[in-house]
Amino acid sequence: MPQFSDVALPVPLDMVFTYAIPEGMEPVVGGRVLVPFRQQRMSGIVVELHDRPPQENASHIKIKKVLEALDLAPALDEHLLKLGKWIADYYLAPVGEVFRTMLPLSAEFKRAVTYRITEEGRMALHLAGMSGSPARSKRTPDQQLIEFRVLDYLAERESVREGSLRAATRVGKALLGGMVRKKWVVREDVSAARHSARLVRVAVLLRAEERLEASPPPDGPETRPHLNLAPAGVVPKKLNDNQRALIDTLAAAGGRVPVDALRNLEVPHSTLGTLVRRGLVRLVDEPQEFTASKLKPRPSPFDFEFSTAQKEALRKIGAAVAARKFSGLLLHGITGSGKTAVYLACMRQVLDEGRSSILLVPEIGLTPAVAADLHQVFGDEVAILHSGLSNAERAEQWHRIRRGEARVVAGTRSAVFAPVRDLALIIVDEEQDSSYKQEETPRYHARDVAVMRAKMADAVVVLGSATPSLESYYNARKNKYRLIELPDRVEKRPLPEVEIVDMRLEFQETGQEQVISRKLAAEIRERLEKKEQVMVLLNRRGYSPVVLCRACGKTLQCENCAVSMTHHKREHKMECHYCGYVARIPEKCAHCGSEYVYFVGTGSEKLEELLHGMFPQARIGRLDRDTVRGREDFEHALNALNEGRLDMLVGTQMIAKGHDIHGVTLVGVIGADMALGLPDFRAAERTFQLLTQVAGRAGRGNSPGKVILQTYFQDHYAVQFAAQHDFAGFYEKELQFRAWMHYPPYSAIANVLIRSEKLEEALTWSGELGRWLEKTRHEGIRVLGPAAAPITRLKRDYRYHFILKSPSREKMNALLRAMLAEAAARKIPRTQVIVDVDAVWLM
Ligand code: ADP
Ligand code: ZN
Ligand code: ZN
């Protein structure tokens, strides 16, 4: 065994740490070890085992020893280790922090200590119970009483966590230690992750061949045991309507539905019991992650004939996978062109070949239909990683994937690190979505990591979108990716007609600032009369975004951030949308004491109220982060819309994402061009994407859709091209702008943010680094700044930044690395200098 181990620790330092390996311990590369680090114990990843003694330059520093090897086999295999090192290098992130992000196993470090009673313990309890107290004891009666209590408590239970045991019996550490030594109780370390996830009861439709064994003895003289020998798929006769309805529902949902979801059917609950007794259905308890979404069981995603374009896409992706070497494909399919069905079919093929695939989605909690489809197609071969999972559940999923039980993985950003074997395919849905960028260290972009992972694994990556990012579109044009197009909606449905309403004219003609234009109001009325459905997008939550003093002109700002607080009427509070700070609603101006404070502007909460006022008879729902606490609320609202229990849905960009609701024929867009006013070079791209996405929600059923787009920027090319569904036109124009301005995709870009709670520090540090950058040669790299960041103060920190642009990523990263070294030499804490390579959010 080598003598030393280099360990990557999750600390903000760009280095690994060398520890000695004690006799008899066998850590593995890629495995976790527990080590001492600055008075703490910390777990890290072994990156190298070797025999080179570290240079103990300060001779008083003694090399420390590894405390424990936590894994017998690597937690990160060779590929993932390599990927992690690439991320650390590309994004200038500490490698230990990268590995921590890649391994969702933090739950396992929170060791739970539990106690269990032994046979000796039971005997002692028994004796104590007979004689009143154990004989010849050195302990005080009090201590004996507590011991008795502990044994009594444990005797009734399997195993008890230390915390609960101590709370219930008030036993101290020392006394408990004594009981362990007497072998009355045993102490066990269990990793929290091993505690099983919550269970959910699922009804499973049995196939014919399964029915026989499951079938209980016949319950009546005329029931013959052979009843159950029907061929597969054929359900025995003599079912009543309720029973048949239940069976049909189960069959349509791929054979398994959570019992809770079946309660929505208008069938008495006893029917399920009857079917179980007849051996047609079995009830099983499954960990929650297997359960299908509560969305109504849907028809199979493959019930229809694929369109020619879909077949062609499937064929091309299939051929690329079969080639077993890297290729990147950009699947550009307009909204409603059936991309999801293509993804699922490709993943099915990969699974049938015994290989693995990963599907990345922006926010799975917000696309319940996709989760339902995944369960339907893959049953429990799929692991779904979404934001609603606890750490322990996440760890559990990780192990399932690692063991090869789940070879299909779907999830958000970090699912790109899923430890699948024999990776064949990664699909990144809505690849332009900014949620793929992690806005904390390591600041990686999951799409780009997906591409790199596929490269390293000789796998195929498919980037899918109706509105690809400029970067990906450019790569496709330069033949770095192959472009696959789905140019039409399924079943030849037309794209919706888009009508622009110029809100400047609206103001001139009505003499008032309008939220809902006359045109939009008229169109809504028409749909409501025809019993069709409407969605209205306003990408800003809360009631009013600004509180303004008419006397001094100042606005109410957050205590911690240089941004306006938003008024939330129903919850009766002011809230900062950046840091969550909450304040009371002001009666007077905080600056001058004037009572003339006004609430200005409109958020989704106020929009809902306005619409209620205009259309009192309409049933209106709202979807935004204030009404949606979790996936359940979300599904609830979508189900209500799907089933016609709502006429109108109001909301933020949440309503724009990927939903497929057939009754919606009108989409109103209010202030979706707000971003155009922001100092961000991606403003036009984001606006175009959002407008296209939300417009794509209209007309997905049999009636054609219409979009009313209210704007103050009616001449802006992002608005115009979106209205004309002219993707190519937008990209050409936007590429020109990016080329002129040396922005991505023509330049690599990095944002360097210097932050401190003390204004002086932020100023001094950014000044020092600014001067260093000035006198350091950096040919081919443009440096802008230092300048105050657009949001000058955020979460108590004052913020200054530099923007670096260069056609050469290598040069840019070299300069950034040198700058970090300079910052370290000047004792600027690493956590206060944020390097964001390929920055997405520049505010
Ligand atoms: P996209 O993601 O491209 O916007 P979806 O994948 O959500 O589109 O598909 C839109 C709808 O069309 C879904 O309800 C899907 O089940 C259905 N669909 C997909 N392919 C076909 C097809 N070939 N024929 C009929 N319907 C289809
Ligand atoms: Zn004032
Ligand atoms: Zn704030």
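Refer to the structure presented above.
Residues numbered from 1 in each chain as written. Chains lettered and ligands numbered in written order. Predicted model: local features only at pLDDT ≥ 70, side-chain atom pairs only at ≥ 80, totals over all residues. Heavy atoms only, no water.

K.L.:
What is the right way to read helix α17 (residues 470-477) from this model?
P.N.:
Among the 8 residues that make up α17, 7 are buried, leaving the element largely enclosed by the rest of the structure. Taken together, the buried positions of α17 are Leu-470, Glu-471, Ser-472, Tyr-473, Tyr-474, Asn-475 and Ala-476. The secondary structure elements touched by the buried residues of α17 are β12 (327-333), α16 (446-457), β17 (460-465), β18 (482-486), α22 (683-695) and α24 (727-741). Taken from the residues just after α17, Asn-479 is the one with a positive phi, measuring 65°. (Buried < 20%, exposed > 50% of the residue type's maximum accessible area, 1.4 Å probe, protein only. Helix = DSSP H or I, 4+ residues; strand = E, 2+ residues; numbered from the N terminus. Contact = heavy atoms within 4.5 Å.)

K.L.:
Any chance you could explain the sheet that holds strand β4 (residues 40-50) here in plain terms?
P.N.:
Strands pair in a sheet through their backbones, by hydrogen bonds, and they do so in one of two ways: parallel or antiparallel. The strand order β2-β1-β4-β3-β5 describes an open sheet built from 5 strands, whose pairing is antiparallel. Two strands lie at the open edges of the sheet, namely β2 (17-20) and β5 (68-69), each paired on one side alone. By the bridge criterion, 2 bridges tie strand β3 (residues 32-37) to β5 in an arrangement that is antiparallel. Pairing of Val-33 across the sheet is with Ala-69, part of β5. (Pairing = 2+ DSSP bridges.)

K.L.:
Even after reading the chapter, I still don't get the sheet that holds strand β31 (residues 782-794), so can you show me in this structure?
P.N.:
In spatial order, the strands read β31-β32-β30-β33; together these 4 strands make up an open sheet with antiparallel pairing. Every interior strand has two partners, whereas the edge strands, β31 and β33 (833-837), have only one. Averaged over all adjacent pairs, the angle separating strand axes in this sheet is 20°, with direction ignored. Relative to strand β32 (residues 797-806), strand β30 (residues 748-756) runs antiparallel, the two sharing 9 bridges. Paired with Val-752 across the bridge in β32 is Phe-802. Along the sheet face, helix α26 (residues 809-825) touches β30, β32 and β33 and points at about 170° away from the line of β33. (Axes fitted to C-alpha atoms, helices over the stretch in contact; angles between N-to-C directions.)

K.L.:
Any chance you could explain the site of ligand 1 here in plain terms?
P.N.:
What surrounds ligand 1 is a group of 17 residues, the closest being Glu-305, Gln-310, Gly-336, Lys-339 and Asp-660. Gln-310 places a side-chain nitrogen or oxygen 2.7 Å from a nitrogen atom of ligand 1. When ligand 1 is considered free in solution it has 560 Å² of accessible area, and contact with the protein chains removes 84% of it. Split by residue class, the shell around ligand 1 holds 4 nonpolar, 8 polar and 5 charged. (Near = heavy atom within 4 Å. Polar contact = N/O pair within 3.5 Å; in protein donor to acceptor, adjacent residues only side chain to side chain. Areas by Shrake-Rupley, 256 points an atom, 1.4 Å probe, with all protein chains shown as cover. Nonpolar A, V, L, I, M, F, W, Y, C, P; charged D, E, K, R; others polar.)

K.L.:
Looking at this structure, how should I read the coordination of the zinc ion (ligand 2)?
P.N.:
Around a metal, the idealised angle for a tetrahedral arrangement of four donor atoms is 109.5 degrees; for an octahedral arrangement of six donor atoms it is 90 or 180 degrees. Here the zinc ion (ligand 2) is held by the protein donor atoms Cys-549 (SG), Cys-552 (SG), Cys-589 (SG) and Cys-592 (SG), which lie 2.2 to 2.4 Å from it. Here the zinc ion (ligand 2) binds 4 donor atoms, and the angle range of 106 to 115° at the metal identifies the geometry as tetrahedral. Between consecutive donor residues of the zinc ion (ligand 2), the sequence gaps follow C-x2-C-x36-C-x2-C. Taken together, the residues Cys-549 in strand β21 (residues 546-549) and Cys-589 in the loop between β24 (582-583) and β25 (597-600) connect sequence positions 40 residues apart. Residues Cys-549 and Cys-589 agree in their burial class; the two are buried. (Donors = N, O, S within 2.8 Å, 3.2 Å for Na, K, Ca; no water. Tetrahedral: all angles 85-135°; square planar, octahedral: opposite > 155°, others 65-115°.)

K.L.:
Sorry, what's going on with the pattern of salt bridges here?
P.N.:
Pairs can form between side chains of opposite charge once their charged atoms are near each other. Within this structure, the stated rule accounts for 53 salt bridges. Measuring nitrogen to oxygen at the nearest pair gives 3.0 Å for the salt bridge that ties Asp-14 to Arg-830. Note that Asp-14 is positioned in the loop between β1 (4-8) and β2 and Arg-830 in the loop between α26 and β33, a separation of 816 residues in sequence. For Asp-14, a relative accessible area of 49% gives the class partly exposed. Residues Arg-477 and Glu-732 are paired through a salt bridge, measuring 2.7 Å at the closest nitrogen-oxygen approach. In this pair, Arg-477 sits in helix α17 while Glu-732 sits in helix α24, placing the two residues 255 residues apart along the sequence. Connected through salt bridges with shared partners, the residues Glu-497, Glu-499, Lys-519, Glu-523, Arg-527, Glu-532 and Lys-706 form a single ionic network. (Salt bridge = Lys/Arg side-chain N within 4 Å of Asp/Glu carboxyl O.)

K.L.:
It is not clear to me how the nonpolar core should be interpreted in this structure. Could you clarify?
P.N.:
It is characteristic of soluble globular proteins that their nonpolar side chains tend to be buried jointly. Of all hydrophobic cores here, the largest spans 75 residues; its most connected members are Leu-83, Ile-87, Phe-99, Leu-360, Val-449, Leu-804 and Leu-816. Those residues in contact with Leu-83 that sit more than four places away from it in its chain are Met-102, Phe-417, Val-449, Met-452, Arg-453 and Met-456. (Core = buried A, V, L, I, M, F, W, Y, C linked by side-chain atoms within 4.5 Å.)

K.L.:
In this structure, what is going on with the coordination of the zinc ion (ligand 3)? I would like to understand it.
P.N.:
All of the protein donors around the zinc ion (ligand 3) are Cys-558 (SG), Cys-561 (SG), Cys-576 (SG) and Cys-579 (SG); their distances to the metal are 2.2 to 2.3 Å. Its 4 donor atoms give the zinc ion (ligand 3) angles of 100 to 117° at the centre, a pattern that matches the tetrahedral case. Counting gaps between the donor residues of the zinc ion (ligand 3) yields the pattern C-x2-C-x14-C-x2-C. A residue pair is termed long-range when its members are at least 10 positions apart, and Cys-561 in the loop between β21 and β22 (566-568) and Cys-576 in the loop between β23 (573-575) and β24 qualify at 15 residues. In this structure, Cys-561 and Cys-576 share a single accessibility class: buried.

K.L.:
I tried to follow unusual backbone geometry on my own but got confused; where do I start?
P.N.:
Across the chain, the bulk of peptide bonds are trans and the bulk of non-glycine residues have phi less than zero. Residue Pro-442 is reached from Thr-441 by a cis peptide bond, and omega for that bond is -10°. Along the polypeptide, Pro-442 turns up in the loop between β16 (423-429) and α16. Looking along the chain, the bond that leaves Gly-785 and enters Pro-786 is cis, with omega of 10°. With respect to the secondary-structure elements, Pro-786 resides in strand β31. Positive phi is not limited to glycine here, since Leu-92 has a value of about 50°. Inspection of the secondary structure assignment puts Leu-92 in the loop between α1 (78-90) and α2 (95-102). Within the chain, Arg-324 stands out as a residue other than glycine whose phi angle is a positive 50°. Within the fold, Arg-324 resides in the loop between α12 (308-322) and β12.

K.L.:
Before we go on, may I ask you to explain α12 in this structure?
P.N.:
In an α-helix, one full turn covers 3.6 residues, which means residues spaced three or four apart are oriented alike. Taking 1.5 Å per residue as the helical rise, α12 with its 15 residues ought to reach 21 Å, and the 21 Å between its terminal C-alpha atoms agrees with that figure. Turning to α12, its buried residues are Gln-310, Ala-313, Leu-314, Ile-317, Ala-320 and Val-321. One side of α12 carries all its buried residues, which in axial view fall inside an arc of 130°. Counted as exposed and oriented over 90 degrees from the buried face of α12: Thr-308 and Ala-322. Tucked into the core, α12 has its buried residues touching β12, α13 (339-352), β16, β17 and β18. Where α12 ends, the next residue or the one after it, Arg-324, has phi of about 50°, a positive value. (Expected span 1.5 Å × (residues − 1). Arc of directions from axis to C-beta.)

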